[in-house]
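Report on the structure
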Amino acid sequence: MKIVYGEKNEYGCYPGVQKCESDTVPDGFYEIQDCMLSEFYKEGKESGGFVDLITEGDRITDVIWNEEAYQAWLAALPESVDPPEPPPTELEQLRADVDFLAAMQGVSL
């Protein structure tokens, strides 16, 4: 069976779905059906779990995507920073050194 922890995390979403080998749903969790996973992990979104859960006992009966919570999470993310350029390879550095020395001596290669 697949289960979801019953409380949202600090970002306003439920933690990821987990597989449970037990025959009973653990305390604090709800059982979720496979047919509900496409709403839990909405296609085209950067993260899942931004949903409202409708429950009955220890089972989820409906999953409703919460776009407002998702957008609030996106707005709170830090701006992405481009990774720094990788350092030159040894061959690239050697070529740059040779070009520099040649230019200093007035030699064209």
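So, here's what we can say about the structure. (Residues numbered from 1 in each chain as written. Predicted model: local features only at pLDDT ≥ 70, side-chain atom pairs only at ≥ 80, totals over all residues. Heavy atoms only, no water.)

Digging into helix 2 (residues 67-76)
All of the buried residues along helix 2 are Ala 69, Tyr 70 and Trp 73. Around the axis of helix 2, the buried residues are gathered within 100° of arc, so they sit on the same side. Exposed residues on helix 2 whose side chains face more than 90 degrees from its buried face are Glu 68 and Ala 75. Of the surrounding secondary structure, the elements contacted by the buried residues of helix 2 are strand 5 (59-65). Here helix 2 starts with a cap whose side-chain oxygen sits 3.3 Å from the backbone nitrogen of Glu 68, and that cap is Asn 66. (Buried < 20%, exposed > 50% of the residue type's maximum accessible area, 1.4 Å probe, protein only. Helix = DSSP H or I, 4+ residues; strand = E, 2+ residues; numbered from the N terminus. Arc of directions from axis to C-beta. Contact = heavy atoms within 4.5 Å. Polar contact = N/O pair within 3.5 Å; in protein donor to acceptor, adjacent residues only side chain to side chain.)

As for the packing of aromatic side chains
Per the counting criterion, the structure on display carries 7 aromatic pairs. For the pair Tyr 5 and Phe 29, a centre-to-centre distance of 5.2 Å together with 65° between the ring planes defines the contact as edge-to-face. Of this pair, Tyr 5 sits in strand 1 (residues 2-5) while Phe 29 sits in strand 3 (residues 29-32); the two residues are 24 residues apart in sequence, bridging distant segments of the chain. When its relative accessible area of 32% is taken as the criterion, Tyr 5 is described as partly exposed. Taking the relative accessible area as the measure of exposure, Phe 29 reaches 19% and is therefore buried. (Phe/Tyr/Trp six-rings, centres within 6.5 Å; stacked < 30°, edge-to-face > 60°.)

A closer look at helix 3 (residues 90-105)
Here helix 3 spans 23 Å end to end across 16 residues, near enough to the 22 Å set by a 1.5 Å rise per residue. Of the residues flanking the end of helix 3, it is Gly 106, one or two places downstream, whose phi is positive at about 75°. (Expected span 1.5 Å × (residues − 1).)

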